[in-house]
Amino acid sequence: MSKRILIAGGGYVGLYTALRLQRRLQRGEAEVTVVNPENFMVYRPLLPEVASGTLEPRHAVVPLRAVLKGTRFVAGRLTGVDAQRSVASVEPYAGPSLDLEYDELVLGLGAMSKLMPVPGLADCGIGFNSLAEAVYLRDHVLRRLEIASATADPELRRRALTFVFVGGGYTGVEALAELQDMAVDVLAGYPEIEATEMRWVLVEAMDRILTTVGEELAERAMRELAGRGIDIRLGTQLESAEGGLLQLSDGSKFEADTLVWVAGTRPQALVGELGLPVDERGRLVVDPTMRVEGTRNIWAAGDCAAVPDQEQGVSPPTAQHAVRQAEQLGDNLVADIRGRQAGPFRYRSRGEFVTLGKNKAVGEAFGRQLDGTLAWAARRAYYATQIPTWNRTIRVLGDWLVGMPYGHDVVDLGSREEPRGAFEEAAGR
Ligand SMILES: Cc1cc2nc3c(=O)[nH]c(=O)nc-3n(C[C@H](O)[C@H](O)[C@H](O)COP(=O)(O)OP(=O)(O)OC[C@H]3O[C@@H](n4cnc5c(N)ncnc54)[C@H](O)[C@@H]3O)c2cc1C
């Protein structure tokens, strides 16, 4: 009888597991269903470039229905799992909850921002994990330039032109570097603002940034950022953000309209509510084949799981690990269905890149360190060829090629957040 494989989460783990199954399963062997809140997969390493406008938001995602041929897609959210009965509850956009029975369940639910108990943070801060946040931040920064250029009030200007990022991991560094590069580039169109009025601050609790990349690479990135006037505060923490007044542990205090919290992630909250074993960081405990401990037919990988790694103890939360885990997971599901042994996850990282703006990056590939335009071009070539389907590759390359001779686009589409405003005004409300 055909097995029912249910994949919860349509990110790296969900998409690449489904693609692997699509390729390996024979007709009639299994029916695969993917459940994800949005009908696209976000290619998260491209989000910093969405924020700076060098990539169109739609080009940095993969449309799940278009790539998952022969796989059922359900737009909704997993809300619970009854492991005894092998039934998953899914909440669709509208209508009653669905009970989906499965023979094998894959959990690839990803991560969310990990907040600290900093007063005011939840009211003033924003994360940088989703497409919506990247698109919002771009418009938000451009709107701050408009605000500053339209007023002579020094306090208002200072507050609008102060951009603070807390967390010096690659997400924080890339997001800050891309947005600062964009803001500096478009400043020529704002004669009312002096470049020195803009203040970009990176706050990091540890004594170095980019702890997941080699020390030399991190040092190069630091030099590049510091050379651009970015104020990097190492060994420093955000202590309060009440009312937009930021207080740092080094004693400094200043107001800022922009506070981006990128000081870590944790598995989605739901993961801890499923009744499955989790470790001290809230990640699902799995064996080397990615089967959840104590279960027969539940598997997990990616940012929501602690996948054993022969080199680092537990795999780091990166896209390159999630893709390889998903491929092995797909193979393991096929093996399980065919009554064969599942294999362990094994992967050795081949390198990494950190984008720092247009023509600027640092990276390491096959043991070689790169920086500047070479690293930037290598990074782009890597992502353009990794994103699934030619359709996306061409759109991404197209955006980059068109953007090369021109500066960053200055259009602020922030009004998109209130699309009914004009209509309600017309209705006299
Ligand atoms: C800005 C940014 C830049 C990054 N840059 C890099 C990089 O340069 N290199 C690198 O290797 N890694 C990078 N990463 C990390 C990488 O993106 C993650 O490690 C990777 O996405 C993990 O894959 P995943 O499948 O576990 O989670 P995700 O890709 O996040 O997918 C999880 C999916 O589950 C869905 N989901 C959540 N809750 C539910 C639910 N209840 N029901 C159903 N679906 C649900 C989510 O909507 C999402 O689609 C970056 C991450 C970010 C945020």
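Residues numbered from 1 in each chain as written. Predicted model: local features only at pLDDT ≥ 70, side-chain atom pairs only at ≥ 80, totals over all residues. Heavy atoms only, no water.

Participant: With reference to specific residues and values, describe the domain arrangement of the chain.
Facilitator: When the domains of the chain are assigned, the result is domain 1 (3-49 + 60-113 + 266-337) and domain 2 (121-263 + 351-403). Domain 1 and domain 2 are separated by 30 Å when their C-alpha centres are compared. Domain 1 puts 20 residues into the contact, and the matching count from domain 2 is 23 residues. Summed over both sides, the interface between domain 1 and domain 2 buries roughly 1,900 Å², with carbon and sulfur atoms accounting for 59% of that surface. Residues glutamate 49 and arginine 380 are paired through a salt bridge, measuring 2.8 Å at the closest nitrogen-oxygen approach. Taken together, the connections running from domain 1 to domain 2 amount to 10 residue pairs in polar contact (both at pLDDT 80 or more). Listing elements by their share of the side of domain 1 that touches domain 2, those giving two or more residues are helix H1 (12-24), helix H2 (47-51), strand S4 (61-63), strand S9 (111-113) and helix H9 (319-337). (Domains from an automatic or database assignment. Contact = heavy atoms within 4.5 Å. Buried area = accessible area lost by both parts, 1.4 Å probe. Salt bridge = Lys/Arg side-chain N within 4 Å of Asp/Glu carboxyl O. Polar contact = N/O pair within 3.5 Å; in protein donor to acceptor, adjacent residues only side chain to side chain. Helix = DSSP H or I, 4+ residues; strand = E, 2+ residues; numbered from the N terminus.)

Participant: Before we move on, could you go through the site of the ligand and cite the residues and values that matter?
Facilitator: Near the ligand there are 30 residues, and of these Val13, Asn36, Leu78, Asp303 and Ala319 occur at the shortest range. Here an oxygen atom of the ligand sits 2.8 Å away from a polar atom, N or O, in the side chain of asparagine 36. For the ligand, an oxygen atom lies 3.3 Å from a polar atom in the backbone of glutamine 320. Contact with the protein chains removes 93% of the 1,000 Å² of surface that the ligand exposes when unbound. Breaking the shell around the ligand down by element, the ones donating at least two residues are H1, strand S2 (30-36), strand S5 (72-82), helix H7 (170-186) and H9. The residue inventory of the shell around the ligand, partitioned by class, reads 14 nonpolar, 13 polar and three charged. Of the residues that make up the shell around the ligand, three or more belong to each of domain 1 (3-49 + 60-113 + 266-337) and domain 2 (121-263 + 351-403). (Near = heavy atom within 4 Å. Areas by Shrake-Rupley, 256 points an atom, 1.4 Å probe, with all protein chains shown as cover. Nonpolar A, V, L, I, M, F, W, Y, C, P; charged D, E, K, R; others polar.)

Participant: How would you sum up the packing of H1 against H9? Please name residues and give values.
Facilitator: At a minimum axis distance of 8 Å, the contact between H1 and H9 shows a crossing angle of 40°. Taken as axis vectors, H1 and H9 run oblique relative to one another. In the crossing of H1 with H9, the sense of the turn from one axis to the other is right-handed. Side by side, H1 and H9 meet where Tyr12, Val13, Tyr16, Thr17, Arg20, Leu21 and Arg24 of the first sit next to Ala319, Ala322, Val323, Ala326, Glu327, Leu329, Gly330, Asp331, Leu333 and Val334 of the second. Split by residue class, the contact of H1 with H9 holds 11 nonpolar, two polar and four charged. (Axes fitted to C-alpha atoms, helices over the stretch in contact; angles between N-to-C directions. Parallel < 35°, antiparallel > 145°, perpendicular 65-115°, else oblique. Left-handed = near helix turned anticlockwise from the far one by under 90°.)

Participant: Summarise the packing of aromatic side chains; cite the residues concerned and give the values.
Facilitator: Going through the model one piece at a time under the given rule, you end up with six aromatic pairs. Centroid distance tyrosine 12 to tyrosine 16: 6.1 Å. Interplanar angle 10°. Geometry classified as stacked. Taken together, the positions of tyrosine 12 and tyrosine 16, both in helix H1 and four residues apart, correspond to about one turn of that helix. On the basis of relative accessible area, tyrosine 16 is assigned to the buried category, the value being 10%. Measuring from centroid to centroid gives 4.2 Å for phenylalanine 163 and tryptophan 200, while their planes differ by 20°, and the two rings are stacked. Separated by 37 residues along the polypeptide, phenylalanine 163 in strand S10 (residues 162-166) and tryptophan 200 in strand S11 (residues 199-203) bring together distant segments of the chain. Assessed through its relative accessible area of 0%, phenylalanine 163 is described here as buried. Judged by its relative accessible area of 4%, tryptophan 200 is buried. (Phe/Tyr/Trp six-rings, centres within 6.5 Å; stacked < 30°, edge-to-face > 60°. Buried < 20%, exposed > 50% of the residue type's maximum accessible area, 1.4 Å probe, protein only.)

Participant: I'd love a proper account of the pattern of salt bridges, names of residues and values included.
Facilitator: For the structure on display, the rule yields 23 salt bridges. Note that lysine 360 is salt-bridged to aspartate 181, the shortest N-O span being 2.7 Å. Here the residue lysine 360 occupies a position in strand S24 (residues 360-365), and aspartate 181 occupies one in helix H7, the gap between them amounting to 179 residues. Since its relative accessible area comes to 22%, lysine 360 is described here as partly exposed. Across the pair arginine 283 and aspartate 279 runs a salt bridge, and its minimum N-O distance is 2.9 Å. Of the two residues examined, arginine 283 and aspartate 279, each falls in the buried class.

Participant: Which residues make up the nonpolar core, and what values go with them?
Facilitator: By size, the foremost hydrophobic cluster in this structure holds 113 residues, and its most contacted members are Leu107 and Trp200. Counting residues domain by domain, this core receives three or more from each of domain 1 (3-49 + 60-113 + 266-337) and domain 2 (121-263 + 351-403). In this view, tryptophan 200 contacts Val141, Phe163, Phe165, Leu176, Leu179, Gln180, Ala183, Ile230 and Asp231; residues no more than four positions away in its chain are not counted. Formed by 14 residues, the second largest nonpolar core is a distinct cluster that contains Val118, Val166, Val201 and Val203. (Core = buried A, V, L, I, M, F, W, Y, C linked by side-chain atoms within 4.5 Å.)

Participant: Requested: an account of the side chain of glutamate 133, with residues and values cited.
Facilitator: Examined against the element boundaries, glutamate 133 turns out to sit in helix H5 (residues 131-150). In this structure glutamate 133 is buried but unpaired, with arginine 44 as the nearest side chain of opposite charge at 7.0 Å. At 2.6 Å, the side chain of glutamate 133 forms a polar contact with the backbone nitrogen of asparagine 129. A polar contact is formed between the side chain of glutamate 133 and the backbone nitrogen of serine 130, at a distance of 3.0 Å. Discounting residues that sit within four places of it in the chain, glutamate 133 has contacts with Ile126, Gly127 and Phe128. (Lys, Arg positive; Asp, Glu negative; His and termini not counted.)

Participant: How would you explain helix H11 (residues 390-403) if you had to name every residue and give the values?
Facilitator: Residues lying three or four places apart along an α-helix face the same way, a consequence of the helix completing one turn every 3.6 residues. Its 14 residues place the ends of H11 20 Å apart at the C-alpha level, agreeing with the 20 Å of an ideal helix rising 1.5 Å per residue. Every buried residue belonging to H11 is among Arg392, Thr393, Val396, Asp399 and Trp400, and all of these are buried. Looking straight down H11, one finds its buried side chains confined to an arc of 135°; they lie on one side. Away from its buried face by more than 90 degrees, H11 exposes Trp390, Ile394, Leu401 and Val402. (Expected span 1.5 Å × (residues − 1). Arc of directions from axis to C-beta.)

Participant: Describe H5, listing the residues and the values that go with them.
Facilitator: Its 20 residues place the ends of H5 29 Å apart at the C-alpha level, agreeing with the 28 Å of an ideal helix rising 1.5 Å per residue. For H5, the buried fraction is high: 14 of the 20 residues fall into the buried class.

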